[in-house]
Amino acid sequence: MSTGNAVDRHCGDDETVRATFDGLPVIACALAGPQLRLVACNAAHRAFYPNALLGVAADDFGPELREQGILDMYDRVYQTGEPLHVAEVRVQVDLDGTGVRERFVNITAVPQRDARGEISGAVIVGADTTESVQARMAAEERARDMAGRYQSARAAAGVMQRALLSPSVPVLPGAEIAATYLVATQDTAAGGDWFDALTDPAGRLVLVVGDVVGHGVQAAAVMAQLRTAVRMQFRSGAVIFDALTAVDRFVAEIPGAKSATVCVARFDTATGDFEYCTAGHPPPLVITAHGTTQYLQTTGAGPLGSGRGFSTRKATLAVGDLVMLYSDGIIERPGRELAASTAEVAEVMARVFSGKTFPLDPAEAPVERLCSHAVELLVRTTGYSDDITLLAAQRRTPPPALHIDGRADETAERTVRARLRQWLAGLGADAGNTQSLVHAVSELIANVAEHAYVSTSLGDFSVDAELSDNGRARVVVSDSGTWKATASDAHRGRGLSIAQAAVPDTVVSHGEDGTTATATQLLTRQSVFTDLAAPAPRTTAPTTFEVGTSDDGYIVVVGDVDTLAAPELKEVLSLRSQAGTRSIQVDLSAVTHLGSAAVSVLADAHELAGRHQTACTLVALPGGAAHHVLNLVGLPAAQEPADSQLL
């Protein structure tokens, strides 16, 4: 009997097998040879991926899949014969010629063998899980919004660790910096990795990544002590050898600290000089501006407490070059040999550095991409059994200073806010970090318009902003007028007080030639702490003023509420409260700027409601622009509406 007849007897005739394969309710295909040419696909595959044509290599019909590591997975199956299964993998690909879209898929890949038992290709079976993943993500987002009152022991430990780690990294003129901490521990959500980024007294950038033996609360406590000790040494101006030697003496007094590893680097972003020490820790990875990668040599120093000293090495980084410090969790992933994994990390980092991996994601600086996309690509096939810490710094040409000349009219606040926000975002600072500075400068501009010029209706002003080597933004507002006395209205004249409360380092000086106000604030970029590999979506709050109302007295305010918007807000509050005789709720959670003129409107409405024995309830979420200002001026704010049904 022929082999074909034997197959027919056990599997069915060709027509039946073909019909069964084509009718499978899963996405299925076969890829042949090292080029992974599509040689078979069922109806579900054709419907899901019309661009995939028979006889065409996968690199040709799906180049995005190579950039995102999917084809690398198939290559590995073909080369090793080991099957693969990954769940809910994020891909961004043009499936049908209508443009790149984001999908989530489950993928199983197994080797296909010929009659001699040799691998001839790979069989791929998948499922489109986009709808279920998006539904779950939406549910999780709602759960996060509702959570917060009750925390589990695991969450509490995680909160403790985040409090002990660096919540942010500095924003500096000569380098862009980003950090990610991916938690692996499932029982306590606390581990022994730590990172830090700071400037020394000379304005040089100090980068630190360390790893304490063990996990849990005890490891986190040891980590916190070591991080503080290292930070204090460099803040005092110590060089690497002296700093680590002092910390090494301290280790003897901390149970559990011996054998901790650390990589420390001191980076002069002006010259590119980069000095580092690998104390039992993996060496830094450098990605040049052209995309080539190189692991620096280890320095021969041993872990803390080993007695092997702390020798250093030096390198030079050009403008555009990026250096990555990391913990061993990224190279010691399950199922990967160390040498192969180390090479894979460098290859994936270079691919992500190019910016082609996820074209639909918002544009990010390379340091941010590496701290999100690279981790996502590396761990989705292997998982991770240890915490993963990444700290990246890319040398850059210092951004130019900001200069604005303008007329102190009613639109000046908005013009300055828009340009200042744009400048600060270009530096790499988070909007949450710069919110207070933008608010203070806006109040200073409003003060110029209202108080600076007595003899003329309008006058000139200038704004100059620059970023210092230690990461402090200094904004100077100048005018050439003579300030008028503050109005007697108890609710006016708040602007300068609000500015100084928002940015304590605000100094105002009056002279014969006019007034100069200087606000100085440290700029930072938020560190990312997560127990998921997928990057968190980033959104930008709308700043255009809008106000919405309902018949039940619920008012929602959105965007910047400045001097120009305050009269409209006053009119809405008066109308909806019927001149204070009806209770209202004013939701300020989506407000991005609450100026002193708007504060006066809210204070008047609150006072009017009190006289009529009604309520004017202000709703503002903690951490928001409105909540911060209301706290400064002493106006009460609720964190949620009095009646949730009004939402």
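It should be emphasised that the depicted structure is a prediction, and the values quoted were computed from it without experimental measurement. (Residues numbered from 1 in each chain as written. Predicted model: local features only at pLDDT ≥ 70, side-chain atom pairs only at ≥ 80, totals over all residues. Heavy atoms only, no water.)

A. Focus on the packing of helix α16 (residues 495-502) against helix α19 (residues 625-633). Two numbers describe how α16 lies on α19: the axes approach to 10 Å, and their chain directions differ by 115 degrees. Relative to α19, α16 is oriented roughly perpendicular. In the crossing of α16 with α19, the sense of the turn from one axis to the other is right-handed. On α19, the residues that touch I498, A501 and A502 of α16 are H628, V629, L632 and V633. Residue composition of the contact of α16 with α19, grouped by class: six nonpolar, one polar and no charged. (Axes fitted to C-alpha atoms, helices over the stretch in contact; angles between N-to-C directions. Helix = DSSP H or I, 4+ residues; strand = E, 2+ residues; numbered from the N terminus. Parallel < 35°, antiparallel > 145°, perpendicular 65-115°, else oblique. Left-handed = near helix turned anticlockwise from the far one by under 90°. Contact = heavy atoms within 4.5 Å. Nonpolar A, V, L, I, M, F, W, Y, C, P; charged D, E, K, R; others polar.)

B. Quick peek at helix α6 (residues 70-80). Burial of α6 is extensive: eight of the eleven residues sit out of reach of the surface. Of the positions making up α6, those classed as buried are I70, L71, D72, M73, Y74, D75, V77 and Y78. Remark: G81 follows α6 within two positions and exhibits a positive phi of approximately 80 degrees. (Buried < 20%, exposed > 50% of the residue type's maximum accessible area, 1.4 Å probe, protein only.)

C. Quick peek at unusual backbone geometry. Phi angles above zero are rare outside glycine, and L36 is one such case at about 55 degrees. Within the secondary structure layout, L36 lies in the loop between β1 (27-32) and β2 (37-41). Positive phi values are uncommon outside glycine, yet Q578 reaches one of about 50 degrees. Classification of Q578 by relative accessible area gives partly exposed; the value is 48%.

D. Quick look at the pattern of salt bridges. All chains considered together, the criterion is met by 31 salt bridges. Here R266 ties to E275 by a salt bridge, and the two come within 3.5 Å at their closest N and O atoms. Overall, the relative accessible area of 11% leaves R266 in the buried class. Its relative accessible area of 16% is what places E275 among the buried residues. Among the salt bridges present, the one from R417 reaches D562, with a minimum N-O distance of 2.6 Å. One end of the pair, R417, is in helix α14 (residues 412-427); the other, D562, is in the loop between β25 (554-561) and α17 (566-576), and 145 residues separate them in sequence. Exposure remark for R417: the relative accessible area of 1% places this residue in the buried category. Taking the relative accessible area as the measure of exposure, D562 reaches 0% and is therefore buried. A network of salt bridges, in which partner residues are shared, links D59, R66, D72, D75, E347 and R351. (Salt bridge = Lys/Arg side-chain N within 4 Å of Asp/Glu carboxyl O.)

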